[in-house]
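The lines below spell out each chain.
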Amino acid sequence: MSTFKIGVVIGSLRKDSFNRKLALALAALAPDGFVFEHLQIDDLPLYNQDQDGNQAESVKRFKTEIVSCQGLLFVTPEYNRSIPGVLKNAIDNASRPYGQSAWAGKPAGVVGISVGAIGTAMAQQHLRNVLAYLDVPTMGQPEAFVQAKEGLFDDKGHIGIESTQKFLQGWMDKYVAWIKTHNA
């Protein structure tokens, strides 16, 4: 059996982030052979094109981690109807210098959770636009706009609402197929 290493990029730095919880709960729904590695983005400098020829060690590390993955999972909150600045900064750092993007060709899935009724719909759409430009084949369906509700996560961090667990299991099954197809 092949092992698929999935790089998880969480667009929130908050210690008790709903999106971090969602990323962990989703990983628990994956089959054997899928390993989810959370990629650190909180130590990346603000992107500055002047540094393209001399990238920080944290940027080099981040790019190497991305390259070593067979797939990506972006889990993002929505800030002001878009993606958080820290996520955009991570994307920009790993896509530069021009022609040396670590993202190119890496299949990805995009999800997110918010207390709002539409979840992270706008942030996910903005992220999909950026990923399309960067040549990241991104799973289009099903979309997952998760609303944070009381009882969503049980005391073990798993999805505690049966209908949401069933939906997210279906999402994970499609995501696994997406990654396998793009690594065939």
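Residues numbered from 1 in each chain as written. Predicted model: local features only at pLDDT ≥ 70, side-chain atom pairs only at ≥ 80, totals over all residues. Heavy atoms only, no water.

## Things to note about the environment of Gly71
To keep things clear, this is the line we draw: Only DSSP runs of H or I with at least four residues qualify as helices, and only runs of E with at least two residues qualify as strands; both kinds are numbered from the N terminus onward. In what follows, a contact means two residues having at least one pair of non-hydrogen atoms within 4.5 Å.
With respect to the secondary-structure elements, Gly71 resides in strand β3 (residues 71–75). Discounting residues that sit within four places of it in the chain, Gly71 has contacts with Lys5, Ile6, Gly7, Pro107, Tyr175 and Ile179.

## Things to note about the pattern of salt bridges
Which entries qualify depends on this criterion: When a carboxyl oxygen of Asp or Glu lies within 4 Å of a side-chain nitrogen of Lys or Arg, that pair is called a salt bridge.
By the definition in use, this model includes eight salt bridges. Asp52 is the salt-bridge partner of Arg96, the closest N and O atoms lying 3.7 Å from each other. Placement of the pair is Arg96 in the loop between α3 (85–94) and β4 (108–114) and Asp52 in the loop between β2 (34–38) and α2 (57–67), with a sequence separation of 44 residues. Ionic pairing is found between Arg61 and Glu65, a salt bridge with its closest N-O pair at 3.3 Å. Of this pair, Arg61 and Glu65 both sit in helix α2, separated by four residues, roughly a single helical turn. A single salt-bridge network, built from bridges that share partners, covers Asp43, Arg61 and Glu65.

## Describing the sheet that holds strand β5 (residues 145–147)
The strands that make up a sheet pair up through hydrogen bonds in the backbone, lying either parallel or antiparallel. Rules: When DSSP locates at least two bridges between a pair of strands, those strands are taken to pair. Axis lines are fitted through C-alpha atoms, for helices just across the contact stretch, and the angle between N-to-C directions can take any value from 0 to 180 degrees.
Pairing in this open sheet of five strands is parallel, and the strands run β2-β1-β3-β4-β5 from one edge to the other. Every interior strand has two partners, whereas the edge strands, β2 and β5, have only one. Strand-to-strand, the axes of this sheet are offset by a mean angle of 25°, without reference to chain direction. Two strands pair when backbone bridges link them, and β4 and β5 are joined in this way by three bridges, in the parallel orientation. Within β5, the residue paired with Gly112 across the bridge is Phe145. Each of β1 (4–10), β2, β3, β4 and β5 is contacted by helix α5 (residues 162–182), which is oriented at about 155° to β4, the strand it contacts most.

## So, the nonpolar core
The following threshold applies: For the purposes of this section, nonpolar cores are sets of buried Ala, Val, Leu, Ile, Met, Phe, Trp, Tyr and Cys residues that join through side-chain atoms within 4.5 Å. Type-normalised accessible area, obtained with a 1.4 Å probe on protein chains alone, sets the label of each residue: buried when under 20%, exposed when over 50%, and partly exposed for intermediate values.
Core analysis: the largest hydrophobic core is formed by 29 residues, its most contacted members being Leu22, Leu26, Phe36, Leu73, Trp171, Met172 and Tyr175. Going through the elements one at a time, β1, α1 (18–29), β2, β3, β4 and α5 are the ones with two or more residues in this core. Per-element tally for this core: the top contributor is α5, with six residues. Not counting residues up to four positions away in its chain, the partners in contact with Leu22 are Val75, Val111, Gly112, Ile113, Val146, Phe153, Ile159 and Leu168. Counting residues in hydrophobic clusters, the runner-up holds 23 residues, among them Ala90, Leu131, Leu134 and Val136.

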